[in-house]
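# Per-entry structural report
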Amino acid sequence: MDEKTQLRTPIIAVLGHVDCGKTSFLDAIRSTNLAAKEAGFITQHIGATEIPLETVQKIAGDLIQKFGFTLSIPGLLFIDTPGHEAFTNLRERGSSIADLAVLMVDVNKGLQAQTKEAITILRDYKVPFVVCLSKIDTVEGYESVSGSFLANQTNQDEASKKRLDDKLYIIVGQLFESGFQSERFDRVHDTTKELAIIPTSAKTGEGLPETLVFLAGLAQKFLEKNLKVRGESPGKGTLLEVRDEKGLGTTIDVILYDGMLRVGDPFVVAGKNGVIQSKIRVLLRPNTIMDIRLNEKWTQVKEIHAAAGIKISAPGLEQALAGSPFLVVKTGKEAQQIEHEVNQLKVESQTLGVVLKTDTLGSLEALLKLFESHKIPIRRADVGEITKRDIMEAAAVHSKDPFLGVIFAFNVTIVEPLRKDAQFSNVKLFESNIVYALTEDYSKWVEQEKAAQQKELLAKAILPCQFKLLPGFVFRNSKPAIVGVRILEGRLKVNAEVLNAKGESLGRVQNIQVDKDSVSEAKTNQEVAVSISNGVMGRSLFENDVLYTKITPGMTVLLKKINMSEGEKILLAKIMALQSITDTPTGGINE
């Protein structure tokens, strides 16, 4: 390694399903309780925690030598990525800038939907990862204690060991189905071919020594070339949060993932009204064992090298956007680069789609990816508060498609007059500061609305039906004729007009009874008593007749909006063909 090249701290993403213990895992390392302060107990803003090599060595003890690792990296920098699968796909955030990842898997629940999405992202980005099997303290009979998992194993009874192993190998099977060979970390023969699964408990701290050893060792062994940086190269980072700090004014929290920063360096970031150009006035580094969001004791530094969490004080940052790329200016083209990147995220179209507003570029990007995966089309998407224009755009869509004429507001405010405007325009608002809740709430709403819509349409509709008059079940011959029938296909409703096999009208269904109780409709395979006005047994109606409901042209239009079975659709076509015979003129044009 030449004099200008140095080894930077590897960046590690922590991914997994909601509530699998990601933030609690980091809490166990830094002895804080960040998870309890987050919305819904799920991390929504990316945090950074730096673990210096000395701390790794202190926690790991002789495990470093046991597994044959020699460490010279400066430490480990954890990015605590939010739980939903969309936030694992942040460009230059989360897993995208990660050298390694920790995939948290609940020992009792195994691979869940968002775990599988995280695996897909890690595979796509070719990010190596280890699996932390979380919450082993909840396994029946297992006595979890702080420290090494291997050391604690010797104190467990055989039944508890087996229960844990059984759960672990269920997950080994699930990982195999996802395309990965895996094994418990101490049974791995080749780390290039098998994923290491490390049993852990954030509650007791068990397994953390092994986790840190494997992360540091794998980074040192396989990623050393990627960790070499030229100390003098201009800094590149991601803006995590914009904060007002007493005595400093507006500051930005940045993850520096490449190059270096010096006091006085000019830089550019995205702002609400365009690219912001400024100059570093103060560099503040947090204490190394603290999350950058929680630390209140800052150390001023003149310069800092990647990878690190850093607070920057500079003029003109009031409009800076969280989630923005952070670039030190060297070529003069950096502002244009950021402007291009931001414009790629914003959506302005005439598509029949939803309106999306978020608080940061990072959440905008994440939700765009999430909506794409859920096949939710987008008409307009941007960072900022809900505006009058947003409501007008959604209202225009609502007039054509009520399920798409809606607004999603992620962590942004809606003033009361605009909330009333939305209500007046029948524009549904979906608000949350928890990512996964937006799409879940929307899906539930669409399902409920469509069900209500179907119920309303069904109440108005006369459905296609084919039914047979049962022999020996004539209860009245006429005025009206009452006869037992079997529904062969479809649904028979009161007031339906009845046709015979020639397409001739025989009267209307006046009543339907099951065991002498009147009902509004009868379904396929049901046997019911039916009264037919104008029907006369032996004249227009005969036992074993197969009859049909008449479908008018107007009803055909309505039926297109109803979820009919395949059998009902086929029957509808048959009935329409039957009716067309009776509607065909008998003579030529000269008659």
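Since we're looking at a predicted model, the values are computed, not measured.

## A short note on the overall build of the protein
Of the regular secondary structure elements, the protein holds 14 helices and 32 strands. For the protein, the residues scored as buried account for 53% of the 591 residues in total. In the protein, of all internal contacts separated by at least 6 residues, the share reaching a separation of at least 24 is 71%. By element, 49% of the accessible surface of the protein is carried by carbon and sulfur atoms, the whole surface being about 27500 Å².

## Quick look at the sheet that holds strand β24 (residues 428-432)
Reading across from one edge, β20-β22-β21-β23-β24 is the order of the five strands in this open sheet, with mixed pairing throughout. With partners counted over all chains shown, the strands left at the sheet margins are β20 (347-348) and β24, one partner each. As defined by bridge partners, strand β21 (residues 354-358) adjoins strand β22 (residues 378-383) across five bridges and the pair is classed as parallel. By the bridge assignment, T358 is partnered in β22 with V383. The strands that helix α12 (residues 435-460) touches are β21, β23 (406-410) and β24; relative to β24, the one it contacts most, it runs at about 150 degrees.

## Some remarks on the nonpolar core
In this structure, F25, L76, F78, V102 and L175 are the most contacted members of the largest nonpolar core, which totals 65 residues. Per-element tally for this core: the top contributor is helix α7 (residues 208-222), with eight residues. In this structure, I532, M537, L541 and Y548 belong to the second largest nonpolar core, which totals 35 residues.

## Section: the layout of surface pockets
Reported here for the largest pocket is a volume of approximately 380 Å³. If you trace the largest pocket, you find 19 residues lining it, with P128, F129, T191, T192 and L195 closest to the centre. Breaking the lining of the largest pocket down by element, the ones donating at least two residues are α4 (113-124), β6 (129-134), β8 (195-199) and α7. Split into classes, the residues belonging to the lining of the largest pocket amount to 12 nonpolar, three polar and four charged.

## Thoughts on unusual backbone geometry
The phi torsion of most residues other than glycine is negative, and most of the peptide bonds are trans. Cis geometry marks the peptide bond from A306 to A307; its omega dihedral reads 0 degrees. Secondary-structure assignment places A307 in the loop between β17 (303-305) and β18 (308-313). Between K479 and the following residue, P480, the backbone shows a cis peptide bond with an omega angle of -10 degrees. Tracing the backbone through its elements, the reader meets P480 in the loop between β25 (465-476) and β26 (481-493). For N411, which is not glycine, the phi dihedral falls at a positive 60 degrees. We classify N411 as partly exposed; its relative accessible area is 35%.

## Considering the sheet that holds strand β19 (residues 325-328)
Taking strand neighbours across the sheet as the criterion, the eight strands line up as β14-β13-β19-β10-β11-β18-β15-β16 in an open arrangement whose pairing is antiparallel. Each edge of the open sheet carries a strand with a single partner, namely β14 (274-279) and β16 (298-301). Taking the axes of each pair of neighbouring strands and ignoring which way they run, one obtains an average angle of 35 degrees across the sheet.

## Considering the pattern of salt bridges
Here the structure, examined in full by the defined rule, presents 28 salt bridges. The salt bridge involving E393 is made with R379; its shortest N-O contact spans 2.6 Å. Linking E393 in helix α10 (residues 388-398) with R379 in strand β22, this pair joins segments that are 14 residues apart in sequence. Of the two residues, E393 and R379, neither departs from the other in class, the shared state being buried. One salt bridge in this structure joins R380 and D390, with 2.6 Å as the shortest N-O distance. On the criterion of sequence distance, the pair formed by R380 in strand β22 and D390 in helix α10 is long-range, its members being 10 residues apart. What makes D390 buried here is its relative accessible area of 0%. Taken together, the shared-partner salt bridges in this structure form one network comprising E348, K357, R379, R380, R389, D390 and E393.

Parameters and conventions
- The residue numbers shown here count from 1 along each chain, following its written sequence.
- In keeping with the model being predicted, local features are shown solely for residues with a pLDDT of at least 70 and side-chain atom pairs are shown and tallied solely at 80 or more, while totals for entire chains, interfaces and linings include all residues.
- No hydrogens and no water enter the side-chain calculation; it runs on all heavy atoms of the structure.
- Numbering of helices and strands runs from the N terminus; a helix is a DSSP stretch of H or I covering at least four residues, while a strand is a stretch of E covering at least two.
- Accessible area is worked out with a 1.4 Å probe on protein chains only. A residue is then buried under 20% of its type maximum, exposed over 50%, and partly exposed in between.
- Note on contacts: a residue pair qualifies if any of its non-hydrogen atoms lie within 4.5 Å across the two residues.
- The Shrake-Rupley method, run with a 1.4 Å probe sphere, supplies the accessible areas, and residue values consider only the shown protein chains as cover.
- One bridge is not enough; two strands pair if DSSP finds at least two bridges between them.
- Note on method: axes are straight lines fitted to C-alpha atoms, helices fitted across the in-contact stretch only, with angles between N-to-C directions ranging 0 to 180 degrees.
- Throughout this description, the term nonpolar core refers to a set of buried Ala, Val, Leu, Ile, Met, Phe, Trp, Tyr and Cys residues connected via side-chain atoms within 4.5 Å.
- Using protein atoms alone on a 1 Å grid, points that fit a 1.4 Å probe yet trap it form a cavity, whereas open point sets bounded by protein on both sides within 12 Å along at least five of seven lines form a pocket; residues with an atom within 4 Å of a point count as lining.
- Grid points are joined across faces, edges and corners, and a volume is the space filled by probe spheres set on the points.
- Amino acids outside the nonpolar list (Ala, Val, Leu, Ile, Met, Phe, Trp, Tyr, Cys, Pro) and the charged list (Asp, Glu, Lys, Arg) are all regarded as polar, and Gly is one of them.
- Should a side-chain nitrogen of Lys or Arg be within 4 Å of a carboxyl oxygen of Asp or Glu, the pair is scored as a salt bridge.

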